[in-house]
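# Remarks on the overall topology
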Amino acid sequence: MAFSHWLARLRSCSKKSASSNAFRDYFCHNKFQFSTCPNNFPSTIAEETKTRFFSWSSSLLPLAFAVSAGSLAFRSQNIQPSLCEPTNLDSRKVTIGGKASTEFVVKGIHKQIPQELIDELKAICQDNMTLDYEERFYHGKPQNSFHKAVNIPDVVVFPRSEEEVSQIVKSCNKHKVPIVPYGGATSIEGHTLSPNGGVCIDMTLMKRVKALHIRDMDVVVEPGIGWMELNEYLEPYGLFFPLDPGPGATIGGMCATRCSGSLAVRYGTMRDNVISLKVVLANGDIVKTASRARKSAAGYDLTRLMIGSEGTLGVVTETTLRLQKIPKHSVVAMCNFPTIKDAADVAIATMLSGIQVSRVELLDEVQVRAVNIANGKNLPEVPTLMFEFIGTEAYSREQTGIVQRIVSEHNGSDFVFAEDPEAKKELWKIRKEALWACFAMEPNFEAMISDVCVPLSHLAELISRSKQELDASPLVCTVIAHAGDGNFHTVILFDPNQEEQRIEAERLNQFMVYTALSMEGTCTGEHGVGTGKMKYLEKELGIEALQTMKRIKTALDPNNIMNPGKLIPPHVCF
């Protein structure tokens, strides 16, 4: 982890009444909120209406699901306030991410942070905060993402406890200053950008294992611990946490982005492996989302609401995770194909065979070439599939034999497998270091890394159509897929100083997304939305779903301080 952080740093070096105006200003001219209201906003509002509206914060979580379209407390007054961000985003130069936006520098409005807040943060965090420009710049630029923002955080704080997080958030909410939670900085879509400045809450000092329940096969951890660190801790007990995103990812960030990884085909995604959370809401309240029971029908599923919310609803301070037994035996296999469609067809056939495969990873010939260049290998530069089979020794070998026959029926060749621990580690290293291998081909370029996901039956067609477009492009593009669950990634390398290359990269990204959506897929299988994928959400989910998200966000975070400008497109109104 220390090496990945070091390497990342190296890479980054009409008059209205007074009450009406006050009400409108509360929503529309909050200095960190980019919303506008129509000029014909009603001139009077009943005192009861205001009281009921502003009492949202006292019962936030139940209300998040109780709100219905256009009702709230205004129905008796027949008032329909427009809670949305400006549609003329370019002229206002406020933000991006609306329909068909192709900008990648995220704009925002920066206001001077109050000295009173800095003093309060100093009292809370003592020496665990910084105003140093280099540290703030580092925290304002995601390490593995091409996304940028016009501003960086004004302050970076490093809380050591849940209570400190609560106090920090409460102070920021009082001063209406934006908050950006920060973990391993491995996210792809600009989740940790600070386009409006504000306070970056770096959670990496909160990395304790608070409780391990071996007989229940669960563990309670703080959000700053990395999944690799956690598995090192769990190994002596014969247990492991089965999600494996990029090296350096922390549990808190993995919850925020609803991540998965190569083992998701066997064990599910983050939403399947989190039992409960503790979350600090925008008003500083600490909420426990569920008990430690493996299943519950008690109330709204607040755990799933928070997982994937990308810091826009609260800050995760504790996670209870489901664990798995370390398999007794495993076999890693690799094989080659003449075309990428042949490889994808084998992945689909393998899943349909009923085999309990734990990994199915696909690399195209360009990605294999990158691996050869980066690691001095001499692998055949053709589409390649990698498998992992787990269980008893006999069962793993039986699975391997079945897949070998499937491969031979689909033009596959060079089927090799490994059971020795070191040999298996060496094979998986090819996949795990794929991103860094790409940079060996174009060391001075940036990478637009995108992922989409489709129903498994559409995977071969999606990859084939995307591959034709990628191969026809002048840019270097590699294909990597979690082929067992229909999740397809591409790494598009481009020169950030050449605008035409960035536009071409965005065109390819958009082609992949729209092709996936036409197949009833999603614009992101595991990387999340952040700022980069907001522009696709309305086409995927519909405006009604986005308006529902907006209502939940507004109920839980009325001052819009929690990671503003992420996930929900700015044009969404209700």
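Residues numbered from 1 in each chain as written. Predicted model: local features only at pLDDT ≥ 70, side-chain atom pairs only at ≥ 80, totals over all residues. Heavy atoms only, no water.

## Considerations on the overall build of the protein
Note the following rule: Each helix is a run of DSSP H or I of at least 4 residues and each strand a run of E of at least 2, with the numbering of both proceeding from the N terminus. Note on classification: 1.4 Å probe, protein chains only; a residue is buried when its accessible area is under 20% of the maximum for its type, exposed when over 50%, partly exposed between these limits. The Shrake-Rupley method, run with a 1.4 Å probe sphere, supplies the accessible areas, and residue values consider only the shown protein chains as cover.
From N to C terminus, the protein includes 22 helices and 20 strands. Here the protein holds 574 residues, and 58% of them are scored as buried. Element-wise, carbon and sulfur atoms account for 51% of the exposed surface of the protein, whose accessible area totals about 23400 Å².

## Considering the sheet that holds strand E16 (residues 384–391)
Spelled out, the test is: What makes two strands pair is DSSP finding at least two bridges between them. Angles run from 0 to 180 degrees between N-to-C directions of axes, and those axes are lines fitted to C-alpha atoms, restricted for helices to the stretch in contact. In this description, contact between two residues means that some pair of their heavy atoms is separated by no more than 4.5 Å.
What the seven strands build is an open sheet, ordered E17-E14-E16-E15-E19-E20-E18; its pairing is antiparallel. The sheet terminates laterally at strand E17 (413–418) and strand E18 (446–453), the two strands that pair on one side only. Neighbour-to-neighbour, the strand axes of the sheet open up by a mean angle of 15 degrees, direction not taken into account. Sheet analysis places strand E19 (residues 476–482) next to strand E20 (residues 487–494), joined by seven bridges and oriented antiparallel. Within the sheet, the bridge partner assigned to Val476 lies in E20 and is Leu493. Strands strand E14 (329–336), strand E15 (357–363), E16 and E17 of the sheet are contacted by helix H16 (residues 393–408), whose axis makes an angle of about 155 degrees with E16. Packed on one face of the sheet, helix H19 (residues 459–472) meets E15, E18, E19 and E20 and runs near 10 degrees to E20.

## Here's the deal with the packing of aromatic side chains
Where we set the bar: Only rings of Phe, Tyr and Trp enter the pairing, Trp through its six-membered ring, and a pair is recorded when the two centres are within 6.5 Å. The plane angle decides the type: under 30 degrees is stacked, over 60 is edge-to-face, the rest tilted. In this scheme, the term charge over a ring applies when either NZ of a lysine or CZ of an arginine sits within 6 Å of the ring centre and within 35 degrees of the ring normal.
Within the structure shown, the criterion is met by seven aromatic pairs. Taken together, a centroid distance of 5.7 Å and an interplanar angle of 85 degrees make the contact between Phe240 and Tyr267 edge-to-face. Here Phe240, found in strand E9 (residues 239–240), pairs with Tyr267, found in helix H11 (residues 264–267); they are 27 residues apart in sequence, far enough to count as distant. When its relative accessible area of 14% is taken as the criterion, Phe240 is described as buried. With relative accessibility at 15%, the residue Tyr267 sits in the buried group. The residue whose ring lies beneath Arg266 is Tyr267, and the NZ or CZ to ring-centre distance is 5.9 Å. In this arrangement the basic side chain of Arg359 is found over the ring face of Trp428, its NZ or CZ atom lying 4.8 Å from the centre.

## Examining the side chain of Lys566
The criterion, for reference: Just so you know, the count uses Lys and Arg for positive and Asp and Glu for negative, and it drops His and the chain ends. Here, a salt bridge means any side-chain nitrogen of Lys or Arg that lies within 4 Å of a carboxyl oxygen of Asp or Glu. Any pair of nitrogen or oxygen atoms within 3.5 Å is treated as a polar contact; in protein, a donor-acceptor pairing is required on top of that, and neighbouring residues in sequence qualify only through side-chain atoms on both sides.
Tracing the backbone through its elements, the reader meets Lys566 in the segment after helix H22 (543–556). Buried charged residue Lys566 carries no salt bridge. Nearest counter-charge: Glu310, at 7.7 Å. Side-chain polar atoms of Lys566 contact the backbone oxygen of His191, separated by 2.9 Å.

## Re the nonpolar core
What counts is decided by this rule: Working definition of a nonpolar core: buried Ala, Val, Leu, Ile, Met, Phe, Trp, Tyr and Cys residues. They are joined through side-chain atoms within 4.5 Å.
In this structure, Leu362, Leu385, Phe387, Phe389, Ile463 and Phe488 are the most contacted members of the largest nonpolar core, which totals 55 residues. For this core, the element with the most residues is helix H14 (residues 340–352), which contributes seven residues. By size, the runner-up hydrophobic cluster in this structure holds 30 residues, among which are Met270, Val287, Ile552 and Leu556.

## Looking at a nonpolar patch on the surface
Note the cut-off: To count toward a patch, a residue needs a relative accessible area over 30% and no salt bridge; like charges are then connected within 9 Å, while nonpolar side chains (Val, Leu, Ile, Met, Phe, Trp, Tyr) are connected within 5 Å.
Taken together, the side chains of Ile214, Tyr233 and Tyr237 make up a nonpolar region of the molecular surface, amounting to roughly 270 Å² of accessible area. With respect to the secondary-structure elements, Ile214 resides in the loop between strand E7 (209–213) and strand E8 (218–221).

## Comments concerning the pattern of salt bridges
Under the defined criterion, the tally for this structure stands at 28 salt bridges. Ionic contacts of the salt-bridge type, sharing partners, join the residues Asp244, Arg359, Glu388 and Lys432 into one network.

## Regarding the layout of surface pockets
Short version of the rule: Put simply, the grid is 1 Å and covers the protein atoms alone, a cavity is a trapped set of points that fit a 1.4 Å probe, a pocket is an open set with protein on both sides within 12 Å along at least five of seven lines, and lining residues have an atom within 4 Å of a point. Grid points are joined across faces, edges and corners, and a volume is the space filled by probe spheres set on the points. Following the grouping adopted for this structure description, the nonpolar residues are Ala, Val, Leu, Ile, Met, Phe, Trp, Tyr, Cys and Pro, the charged ones are Asp, Glu, Lys and Arg, and the polar ones are all others, Gly among them.
Estimated volume of the second largest pocket: approximately 860 Å³. Every residue lining the second largest pocket is counted, 37 residues in all, and those nearest its centre are Arg258, Ile307, Gly308, Val529 and Met549. Secondary structure elements with two or more residues in the lining of the second largest pocket: helix H13 (302–306), helix H21 (537–541) and H22. Ranked by the residues each element gives to the lining of the second largest pocket, the list is headed by H22, at five residues. A breakdown of the residues in the lining of the second largest pocket according to their chemical character gives 15 nonpolar, 13 polar and nine charged.

## Digging into H19
Spelled out, the test is: Between the first and last residue of a helix there are one fewer steps than residues, each counted as 1.5 Å, and that sum is the expected span.
Spanning 14 residues, H19 covers 20 Å between terminal C-alpha atoms, matching the ideal 20 Å at 1.5 Å per step. Those residues of H19 that fall on the buried side of the exposure criterion are Leu459, Ala460, Leu462, Ile463, Ser464, Ser466, Lys467 and Leu470.

## Some points on the environment of Ala211
With respect to the helices and strands, the residue Ala211 is situated in strand E7. Considered as a pair, Ala211 and Thr320 are 109 residues apart in the sequence and their alpha carbons are 9.0 Å apart. Sequence-distant contacts of Ala211, that is, excluding residues within four places in its chain, are made with Asp218, Val219 and Val220.

## Some words on the pairing of E7
Where E7 lies against E8, four bridges are found, and the strand directions are antiparallel. What sits directly across from Leu212, in E8, is Val219. Counting the residues in the hairpin turn of E7 and E8 gives four residues, including Met217, whose phi is positive at 55 degrees.

## Brief notes about the packing of H19 against helix H20 (residues 499–518)
Put simply, the rule is: For this classification, under 35 degrees means roughly parallel, over 145 means roughly antiparallel, 65 to 115 means roughly perpendicular, and everything else is oblique. Crossings are classed by handedness, with left-handed meaning an anticlockwise turn of the near helix from the far one by less than a right angle and right-handed meaning a clockwise turn.
As a packed pair, H19 and H20 sit with axes 10 Å apart at the nearest point and diverge in direction by 160 degrees. By the angle between their axes, H19 is roughly antiparallel relative to H20. Handedness of the H19/H20 crossing: right-handed. Packed against H19, whose contacting residues are Leu462, Arg465, Ser466, Glu469 and Leu470, the element H20 presents Arg507, Leu508, Phe511, Met512, Thr515 and Ala516 at the interface.

## A short note on the confidence of the model for the protein
The condition that has to hold: Scored from 0 to 100, pLDDT reflects the predictor's confidence in each residue.
Per-residue confidence for the protein gives a mean pLDDT of 84; residues scoring 70 or more make up 82%. With pLDDT under 50 throughout, residues 1–98 is counted as low confidence; its partners more than four residues away or in other chains account for 170 contacts.

## Observations concerning the state of the cysteines
Here is the rule we go by: Note that a disulfide, as used here, is simply two cysteine sulfur atoms within 2.5 Å.
Under the definition given, this model contains zero disulfides. Take Cys125: it sits in no disulfide, and the sulfur closest to it among the cysteines is that of Cys172, at 9.3 Å. The exposure class of Cys125 is buried, given its relative accessible area of 2%.

## Side note on the environment of Ile179
Tracing the backbone through its elements, the reader meets Ile179 in strand E5 (residues 179–182). Judged by its relative accessible area of 0%, Ile179 is buried. For the pair Ile179 and Val315, spaced 136 residues apart in sequence, the C-alpha separation works out to 9.4 Å.

## What about the sheet that holds strand E4 (residues 155–157)?
The sheet built from four strands is open, its strands ordered E2-E4-E6-E5 with mixed pairing. The open sheet has two free edges, formed respectively by strand E2 (129–130) and E5, since each of these has just one partner strand. Taken strand by strand, helix H8 (residues 162–175) contacts E4, E5 and strand E6 (199–202), and its axis lies near 170 degrees from that of E6.

## Examining H20
Taking 1.5 Å per residue as the helical rise, H20 with its 20 residues ought to reach 28 Å, and the 28 Å between its terminal C-alpha atoms agrees with that figure. Within the span of H20, buried status applies to Arg502, Glu504, Ala505, Glu506, Leu508, Asn509, Met512, Val513, Thr515, Ala516 and Leu517. The elements touched by buried residues of H20 are E18, H19, E19, E20 and H21. Of the residues flanking the end of H20, it is Glu520, one or two places downstream, whose phi is positive at about 65 degrees.

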